[in-house]
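Notes for the structure review
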Amino acid sequence: MTGESGTIADLFDAVEPEPAPRLPQTAADALALLDEWVERDWIRALDHAFATFVCTMVREQGEQPVAMLALLSAMVSHQVGRGHVCLDVRHLCRATEPTLVLPPEGVGSLPENSPRPSDLFASVDADQLIGMLGQSCAVSNGEQAAPLVLDGSRLYLRRFWRYEQAIAAGIRTRLDNRVALTDTAPLKTALDTLFGTENDSDGPPDYQKVACALAARNRFSVITGGPGTGKTTTVVNLLAALQSMACESAETAGANPYLRIRLSAPTGKAAARLSESIGGAVDRLPLESLPGAPDKSAIPTQVTTLHRMLGSRPGSRSFRHNEDNPLPLDILVIDEASMVDVDLMASVFAALPDKARLIMLGDKDQLASVDAGAVLGELCQRAEGAHYLPQTAQWLQAVTGCQLPSELLDSEGLALDQAVAMLRKSYRFDEHSGIGVLASATNAGQLSRELIGQCRNQGFEDVAWLTGENDMGWLANHALTGSPERFHSQGMQRVVGTAPVDPPVGYGHYLKLIRDRKPVIDVEADGRESWDAWATEVLAAFNRFKVLCALRQGPFGVEGLNHDIAGRLHSAGLIERTDGWYAGRPVLITGNDYNLGLMNGDIGITLSVPWDRNDAGEPVETLRVAFPSSDGSGGVRWISPSRLQSMETVYAMTVHKSQGSEFTHACLVIPDRLTPVLTRELVYTGITRARHWLSLAVCQDGVLKEAVGRSVIRASGLAGLLA
Ligand SMILES: Nc1ncnc2c1ncn2[C@@H]1O[C@H](COP(=O)(O)OP(=O)(O)OP(=O)(O)O)[C@@H](O)[C@H]1O
């Protein structure tokens, strides 16, 4: 601290003489300034409350809080709200506005003389600030129970520092305790059976085989890759190989030789999608040809959400499974791991038995979790270059027959590098696929003029480029029909692999299906099968198109577009009204409801069903919302609208919420102005939600290119802890 009389001015070098912003001199001044920021929606009331709490706490301990302590406390909390685990004080002083994204772009100005964040931090010496923090009783090195932790130049809320330490410890322990594979012959035989041996000596290595081998010898491993690179296929093969080895090494005849495997994903949607794709992959396994001929039942196909698996308790942050009650499993697979935040990841490690393996799957380039932490991204920072030690490469060659290119070897590779595998070939998109080409170019941060020209001129079969010239309702019209006429050859006669692809559709498609395929009301029959089948068909049809937005507000945000699209569907006679509950209304669940078994991100469609009876015993139509069953069985859950607490209409959804989902046709809306959320990761995630058709609705030229040039950098210490 700068002492009882210490002021913020002590910490500044030179401040512009005229017009001088009014810098806060005391903690009270700083809190008043933070109040102004809360009023303008620059920071959350919670950030202010945390700063107030810290000031009160230190005062109670006999320390006079200084302005900078109040400001930094609010800023750490603000950063956590933005998905960072901590605030790097050096980054803050070096690049204040990009670090804090304050003031937010497009948000109103402050009164004259009121300092901007850059006035407060940019001219401060970071070492002096770190020294000041180190002397406050509000800050510790993690060992004492202070609300803030300072680790080097990184300032944490204590809870988040603990999460990061727990995750690093969980990973380190597993990296240090590799599986003892004294005899690699069974693994080699299993891998050769599953992947073949064609590519082993020449041609590019089979990175799926390499990933399997690495994961087989580690208790912690990460398999990352873009869409369709075979993450699911690889993990299914890996599980088959592990069960095959377990069968081979079983000591007691008759005893169950199999490893206990659980599959999980962070959201219900992601869990359902993995359940769907894993079933097919398991069916294709050559199990009888594997050593030990493991039974098909040994490879699970049911996927649960992490919350459900850990045993969440309503209204509590703690889980039923924890250090004292570990999960009964030998292998845990987490799919879509980029969406897992540090809080949940720490809970997973707490509940994981020491000997259990953890396999994380995901696309490192996708948006990170909405909540704090970019765990997968941090762990995969060096995945592109692999950094395998020569001895790792030798072992891989012995087990897989694959020779790795020399640029992937590094005699100084880290222990973590030896457990991370990147899949490098997409089996979903061929070289002519615009979605694949756009995704790679976006990732590389390079959308060339030629590539954009190609998209504009229908140079790709699967991409349409839409702009809003002279047409007010262009986006709503597109949402109605999906604009097949804007695609090459009207989206007709397209074949992917050997399979013909249906042309692109918009929301008119599922709404017509609701009308045209509704079962006939049969007073005698009380079975619901035909209604379930209808709802299943409607839900699948709704998945054929989705409008994805970067923003929530404004004409090109979720709110504006939901309003416009509902208006257009209404004027086309496809829905009866545009507000409240009506048949055809699609809803997105926005908070977990454990009583109803609904999870944040679940999507349902409101349908009119004749299950109630009037006094005369005749069927009466009422609205129910149909959700896909959470067990991936393909069934339907019907829920009365009045029971749904947190939900919103979902013609348009944010790219953030769409993570873990995939749509036959996605329309990505690039708004007319650059905002902090518009980044390379967001554009990449939006593009890769499209399976067969992508519409790029570009409201303002230049914004897309600029967005792709900006990458999210999240402050975190995890990679450093594992180095
Ligand atoms: N080695 C391979 N050879 C041929 N086809 C493959 C191979 N690996 C995967 N595929 C096919 O490519 C498609 C995508 O594979 P998979 O679902 O495993 O990828 P993913 O990375 O999990 O995809 P997602 O982006 O959906 O997460 C599937 O149809 C799969 O059968």
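If you're wondering where the values come from, they're calculated on a predicted model, not measured in any experiment. (Residues numbered from 1 in each chain as written. Predicted model: local features only at pLDDT ≥ 70, side-chain atom pairs only at ≥ 80, totals over all residues.)

Overview of the UniProt feature "domain: UvrD-like helicase C-terminal" (unreviewed entry) in the protein
According to UniProt, the feature "domain: UvrD-like helicase C-terminal" (unreviewed entry) maps to residues 650–696 in the numbering used here. The span residues 650–696 is 26% helical and 38% strand by assignment, and the distance between its end C-alpha atoms comes to 19 Å. (UniProt positions renumbered as here; feature names shortened; annotations may be inferred. Helix = DSSP H or I, 4+ residues; strand = E, 2+ residues; numbered from the N terminus.)

Focus on helix α11 (residues 231–249)
Taking 1.5 Å per residue, 19 residues should reach 27 Å; α11 reaches 27 Å between its end C-alpha atoms and fits that length. Within α11, 15 of the 19 residues are buried, which leaves the element mostly enclosed by the surrounding structure. (Expected span 1.5 Å × (residues − 1). Buried ≥ 20, exposed ≤ 12 C-beta atoms within 10 Å, placed from the backbone.)

Some points on helix α20 (residues 507–516)
Count 3.6 residues to each turn of an α-helix, and residues three or four apart come out pointing the same way. Turning to α20, its buried residues number three or more, namely Tyr507, Tyr510, Leu511 and Ile514. Taken end-on, α20 shows its buried residues confined to a sector of 100°, consistent with a single buried face. On the buried face of α20, the contacting elements are α19 (474–481), α21 (529–542), β14 (545–549), α22 (558–571) and β16 (603–613). (Arc of directions from axis to C-beta. Contact = placed C-beta atoms within 7 Å.)

Examining the nonpolar core
Judged by nonpolar contacts, the single largest core of 222 residues is most densely connected at Ala70, Ala241 and Val669. Element by element, the count of residues in this core is highest for helix α3 (residues 67–81), at 10 residues. Once residues lying within four places of it in the same chain are set aside, the contact partners of Ala241 are Leu187, Ala190, Leu191, Leu194, Cys212 and Ala216. (Core = buried A, V, L, I, M, F, W, Y, C linked by C-beta atoms within 7 Å.)

Section: the sheet that holds strand β22 (residues 690–698)
On the basis of which strands lie adjacent, the open sheet formed by 5 strands has the order β11-β22-β21-β14-β20 and parallel pairing. Among the strands making up the open sheet, the edge pair consists of β11 (463–466) and β20 (652–654). Each strand of the sheet is rotated relative to its neighbour by a mean of 25°, with strand direction disregarded. Sheet topology places strand β21 (residues 663–670) next to β22; 7 bridges connect them, and they run parallel. Looking across to β22, one finds that Ile670 is bridged to Val698. (Pairing = 2+ DSSP bridges. Axes fitted to C-alpha atoms, helices over the stretch in contact; angles between N-to-C directions.)

As for unusual backbone geometry
The backbone of Asp41 sits at a positive phi, close to 65°, despite the residue not being glycine. Along the polypeptide, Asp41 turns up in the loop between α1 (27–39) and α2 (45–60). A positive phi angle, near 45°, is found at Ser483, a position not held by glycine. By the element assignment, Ser483 lies in the loop between α19 and β12 (494–496).

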